[in-house]
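The primary structure of each chain is shown beneath.
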Amino acid sequence: MNIILKTENLSKRYGAIQALDGLSLSIPRGSVYGILGPNGSGKTTALGIILGAIRANSGSWSWFGDEPGPEHLRKVGSLLEKPNFLPYLTGERNLKIVADIRGTGYDSIEPALVKTGIYDRRKSNFHTYSLGMKQRLGLAAALLGDPEVLVLDEPTNGLDPQGIYDVRQLIMDEARCGRTVILASHILDEVEKVCTHVAVLSKGKLLAQGTTAELLKSADVIEIAADNLDKLQSVLEKNTLVKKIVRNGNILELTVDPATPMERITEPVARAGLSATHLLRRATKLESRFLDLIKGDN
Amino acid sequence: MRRILTIEYNKLIGYRAFWVLPGIYAILMLLFFRIFTRLDMIQVNGERVPIESILRMEKVWHYLTWFAGFFHYLFIALIILLIGNEMRNGFWRMAVTSGLRRVDLLTGKWLVMGILSLFSTAIVLLVGYLAAGFAPVDIPDTAFPLQLATLFFLQAFCYIQFGLTAGIWLERTGLGILLVLLYAMAGEPLIGYFLPTAIKEWLPLNVFASLIPNPVLEDVGLGTSAITTGLALTRSAVWLALLGGLAWLKVRNTDL
Ligand SMILES: Nc1ncnc2c1ncn2[C@@H]1O[C@H](COP(=O)(O)OP(=O)(O)O)[C@@H](O)[C@H]1O
Ligand SMILES: [Mg+2]
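Residues numbered from 1 in each chain as written. Chains lettered and ligands numbered in written order. Predicted model: local features only at pLDDT ≥ 70, side-chain atom pairs only at ≥ 80, totals over all residues. Heavy atoms only, no water.

Asks: How should the interface of chain B and chain A be read in this particular structure?
Replies: Residue-level contacts link 29 residues of chain B with 29 residues of chain A. Between chain B and chain A lies a buried interface of about 2500 Å² when both sides are counted; carbon and sulfur atoms form 56% of it. Considering only the side of chain B, the residues that lose the most area to chain A are B:N10, B:R93 and B:T97, jointly responsible for 24% of the buried surface there. Counting every contact that joins chain B to chain A gives 2 salt bridges. Its salt-bridge partner being A:E81, residue B:R93 comes within 3.4 Å of it at the nearest N-O pair. At the surface where chain B touches chain A, the tally comes to 12 residue pairs in polar contact (both at pLDDT 80 or more). Put simply, the parts of the chain that give the side of chain B that touches chain A at least two residues each are α1 (2-13), α4 (72-88), α5 (91-97) and α12 (229-253) of chain B. (Contact = heavy atoms within 4.5 Å. Buried area = accessible area lost by both parts, 1.4 Å probe. Salt bridge = Lys/Arg side-chain N within 4 Å of Asp/Glu carboxyl O. Polar contact = N/O pair within 3.5 Å; in protein donor to acceptor, adjacent residues only side chain to side chain. Helix = DSSP H or I, 4+ residues; strand = E, 2+ residues; numbered from the N terminus.)

Asks: Quick question: what am I supposed to make of helix α9 (residues 229-237) of chain A here?
Replies: Each α-helix turn comprises 3.6 residues. Residues three or four places apart therefore point the same way. Residues and elements named next belong to chain A. The complete set of buried residues in α9 reads L229, L232, Q233, V235 and L236. The buried side chains of α9 occupy one side of the element, clustering within an arc of 160 degrees when seen end-on. Residues of α9 that are exposed and angled more than 90 degrees away from the buried face: D230 and E237. Looking at the packing, one finds that the buried side of α9 touches β10 (220-226), β11 (244-248), β12 (251-256) and α10 (263-271). (Buried < 20%, exposed > 50% of the residue type's maximum accessible area, 1.4 Å probe, protein only. Arc of directions from axis to C-beta.)

Asks: What should I look at first to understand the side chain of B:S120 in this one?
Replies: All names here are of chain B. Structurally, S120 can be placed in helix α6 (residues 102-134). A relative accessible area of 1% places S120 in the buried class. Dropping the residues within four chain positions of it, S120 is found in contact with Y25, F75 and F152.

Asks: Explain the side chain of B:K11 here, please?
Replies: With respect to the helices and strands, B:K11 occurs in helix α1. Residue class for B:K11 comes out buried when judged on its relative accessible area of 4%. Within polar-contact distance, the side chain of B:K11 engages the side chain of B:E86 at 3.1 Å. Residue contacts for B:K11: discarding those within four places in its chain leaves A:L86, A:Y88, A:L89, A:I97, B:E86, B:F91 and B:K109.

Asks: Would you explain the site of ligand 1 in this entry?
Replies: All names here are of chain A. Surrounding ligand 1, one finds Y14, I17, A19, P38, N39, G40, S41, G42, K43, T44 and T45. At 3.1 Å, a backbone N or O of S41 approaches an oxygen atom of ligand 1. Its free accessible area being 560 Å², ligand 1 has 62% of it covered by the protein chains. Residue contributions to the shell around ligand 1 peak at 3 residues, all from helix α1 (residues 43-50). Grouping the amino acids of the shell around ligand 1 by side-chain chemistry returns 4 nonpolar, 6 polar and 1 charged. (Near = heavy atom within 4 Å. Areas by Shrake-Rupley, 256 points an atom, 1.4 Å probe, with all protein chains shown as cover. Nonpolar A, V, L, I, M, F, W, Y, C, P; charged D, E, K, R; others polar.)

Asks: Can you walk me through the pattern of salt bridges in this structure?
Replies: Note on pairing: side chains with opposite charge can pair once their charged atoms come close. All names here are of chain A. The tally for this structure, following the rule as stated, stands at 26 salt bridges over all chains. One salt bridge in this structure joins E190 and R168, with 3.1 Å as the shortest N-O distance. Residue E190 is found in helix α7 (residues 188-194), and its partner R168 is found in helix α6 (residues 161-176); the two are separated by 22 residues along the sequence. Given a relative accessible area of 2%, E190 falls into the buried group. Between E223 and R282 there is a salt bridge; the shortest N-O distance is 3.1 Å. On the criterion of sequence distance, the pair formed by E223 in strand β10 and R282 in strand β13 (residues 276-283) is long-range, its members being 59 residues apart.

Asks: Help me understand empty space enclosed by the protein in this model?
Replies: It is the rolling of a water-molecule-sized probe over the atoms that shows where space remains empty. By the definition in use, this model includes 3 cavities of 30 Å³ or more. Considering only enclosed or pocket space, the largest cavity measures out at about 120 Å³ in volume. Lining the largest cavity we find 16 residues, and of these A:S78, A:L79, A:L80, B:M94 and B:T97 sit closest to its centre. Broken down by secondary-structure element, the contributors of at least two residues to the lining of the largest cavity are β5 (76-79), α3 (91-102) and α5 (131-143) of chain A together with α5 of chain B. (1 Å grid on protein atoms, 1.4 Å probe; cavity = no way out; pocket = protein on both sides within 12 Å on 5 of 7 lines; lining within 4 Å. Points joined across faces, edges and corners; volume = space filled by probe spheres on them.)

Asks: What is the right way to read the domain arrangement of chain A from this model?
Replies: Note on interface size: it is often stated as the accessible area lost on association of the parts. When the domains of chain A are assigned, the result is domain 1 (3-213) and domain 2 (220-297). A straight line from the C-alpha centre of domain 1 of chain A to that of domain 2 of chain A covers 40 Å. (Domains from an automatic or database assignment.)

Asks: Explanation requested: the sheet that holds β11(A) in the structure shown.
Replies: The pairing of strands in a sheet comes from backbone hydrogen bonds and takes either a parallel or an antiparallel form. Residues and elements named next belong to chain A. Read from one edge of the open sheet, 4 strands run β11-β12-β10-β13, paired in antiparallel fashion. Across the chains shown, the open sheet's two edge strands, defined by having one partner strand only, are β11 and β13. Strand-to-strand twist in this sheet, taken as the mean axis angle between neighbours without regard to direction, amounts to 20 degrees. In this sheet, β12 lies alongside β10 in antiparallel orientation, the contact comprising 5 bridges. Its bridge partner lying in β12, E223 is registered against E253. (Pairing = 2+ DSSP bridges. Axes fitted to C-alpha atoms, helices over the stretch in contact; angles between N-to-C directions.)

Asks: Where do I start with the sheet that holds strand β4 (residues 58-63) of chain A in this structure?
Replies: Residues and elements named next belong to chain A. Taken together, 3 strands build an open sheet; the order of strands is β2-β1-β4 and the sheet is antiparallel. Strand pairing shows two members of the sheet lacking a second neighbour, β2 (17-28) and β4, which therefore form its edges. Shown here is a sheet whose adjacent strand axes are inclined to one another by a mean of 15 degrees, direction ignored. Two elements, strand β1 (residues 3-14) and β2, share 8 bridges in a ladder whose sense is antiparallel. Counted as the bridge partner of I3 is P28 from β2. Running over the sheet, α1 touches β1, β2 and β4 and is turned about 120 degrees from β1.

Asks: Explain the packing of aromatic side chains here, please?
Replies: Each pair of aromatic rings is reported with the distance of its centres and the angle of its planes. All names here are of chain B. Overall, the coordinates contain 16 aromatic pairs over all chains when judged by the stated rule. Between Y25 and F75, the ring centres sit 5.2 Å apart and the planes meet at 75 degrees, which makes this aromatic pair edge-to-face. Placement of Y25 in helix α2 (residues 16-38) and of F75 in helix α4 is noted, with a sequence separation of 50 residues between them. Relative to Y129, the ring of W61 has its centre 5.1 Å away and its plane inclined at 80 degrees; by these criteria the two rings are edge-to-face. (Phe/Tyr/Trp six-rings, centres within 6.5 Å; stacked < 30°, edge-to-face > 60°.)

Asks: How should I be thinking about the packing of α4(B) against α6(B) in this particular structure?
Replies: Packed helices, taken two at a time, are described by the angle their axes make and the gap between the axes. Residue and element names in this part refer to chain B. Where α4 contacts α6, the axes come no closer than 11 Å and their chain directions differ by 155 degrees. In terms of their interaxial angle, α4 and α6 are classed as roughly antiparallel. Considering only the axes of α4 and α6, their crossing is right-handed. Together, F75, L78, I79, L82, I83 and E86 of α4 and K109, V112, M113, L116, F119 and S120 of α6 make up the contact between the two elements. Residues belonging to the contact of α4 with α6 are distributed by class as follows: 9 nonpolar, 1 polar and 2 charged. (Parallel < 35°, antiparallel > 145°, perpendicular 65-115°, else oblique. Left-handed = near helix turned anticlockwise from the far one by under 90°.)

Shown next as C-alpha cells:
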C-alpha cells in the first residue's frame, strides 16, 4: 500500500461559492506533497475534509487504503489553517489534551516542545504567546508521538524569516525520517524548495498534479517573428517540441523545454521558406509558470 | 471513558468560570441556610405562622430543592460558556482533526454535566443537613431524601442540557446566555399564555420545573402543580432525548 491518501471527486459548496470542485488526488507514501494555490483556492477546505472537520457535499477519500475514521487521524499530525488551542490553558496543558486525544502519552510532549523551540514558554498561557509562538505550538502538537503523516496548512504563516527557515528545515528533517508530509501553501518558492510532488489548485479545481521536477521545472521562451506570421505559426504548430504558442503583437512566444536545441526550432522554419525577423531565447521564472497555470483557468 | 474524563479535566482545570460559578452557587445556598436558621416565624397569606407548625424535614427538603432550582441558570450559563469557548477557539476542530470522534465531543460534555448536577445536589443535601442541625427547633425525620435528591439531580441535568443545546446552536456565549435567560423569564411564559394548558404544560422549562412542584403553592392551599411526578418524569425524558438529539444533529453535521 503505497498511497497514503486518495481523494476522489471531493466537492464542497458554501452557499454560492464552490470552494472545492471535484478534487481527486493520490498522495504517495514518503512524499512531501505540496498543495499550491492562491488564497481562497480551496486548500484549507480540502484538508479540512480529509481531516474530518469539514463535511464534503460529495466525493470520497481513503486514508492508508481504508475507509477514513478517527483511528487514522490519530496517526496524522495536523495543523489546519491556524493553531487551535484553549487560550486560558498553558501550552503544555494544551499539548496534554492533544496527546490524550491522539493516544500518544505525555512522554512525547517534551521532545516536541524542544524541537519547535518553545520549551521555555511551555508554562505560559496560550493567549500570552506571540503569533509565531502559537504557530510553533501548533507544529509541536502535530509532531506529538511521531505520526506517520504530517498535514500542514500554511505552516509558515505569521513567522519571521528565521521562523520560516526553521519550519522549512523541520519539514525537510521530518521527511528525511520517512514521514509523508502534505503541505498546503500559496508560496510557490516554499513548495518548490520543500516538496517532491505538487498539485496546483485554483478556484477549487485541480489544474495540474505531478512531481515538482515535472511540473515546476523552468521552461524557455523563444520569441520569434517573420513577415508571414500566420504561416510561421502553422509551421510551428506542427513542431512537437513547441509546448505552447502565444501571439503577442507581431511576435510569437514559444514555450519549449530548456534542453531543446535552437536548430530544432529554426530549421523547420527555414525549410518552409520563412526567415525570422526576430529571434530571442530567454528562460522563464517558475513564478510565471505558476501564474500561467492559474491564468489558463480564467 | 477515562480518556474523555482526562481530556475534560485538563480543559477545566485552568478555566476560572468553572470554579467561580459553582462556587457562587454554594455560597448563595449557604447564605440561604443562614437566613433559614434565624427564622422563627414565616408569613403565609399575610398571617404570621410560627415556624414549628410547618417545619418538618420533608418540608425543608422540598423548600430547599425548589429554591435551589433557581440556580440551575448559573450552570446553564457555565455550560454555554464552556461550549462557546471551545467552538470559538477552534478546539472542536483541533480535537476532531486529531482523531476524537464527534460524538465524544458531546460525551465529554455529558460527563461534565453529570458532575455539575451531582455537585449541585450535594450542596442541597449539605445545606439541608446543616439546616437540620442548626435549626431553632428540632426537626423530625432527617432520613436521606432519596426521591427529592434524585429528582433534583435529574432536573439539574435537564436544565443544563437545555443550555448545552442552546449553546451549540447559537455558538456565541454572550448571546446564548442572554437568549436562554430571556426565553426562561419572558419567552416561555409569554408563549404559554397563548397556548392551551395541555400544550403549555409541555413547554420544556415548564416540564423540568414540574419535577419539583412549588411548595409555597401547596402550603397556601393553592394545590400542587397540575401534573404528577410520574408524568413530569416521562415528559422530561422526552425533552432530554429531543434536546440531546438536536445537539448531536448539529455536532455531527457542522463544519468545524
Ligand atoms: N465557512 C465558510 N463559509 C463560506 N465560505 C467559505 C468558508 N470557508 C471557506 N470559504 C470560501 O471557500 C473558498 C476556499 O477557501 P479556503 O479553502 O479557505 O481557501 P485557501 O485555504 O486555499 O485559502 C474561499 O472562497 C472562501 O471564501
Ligand atoms: Mg487556507
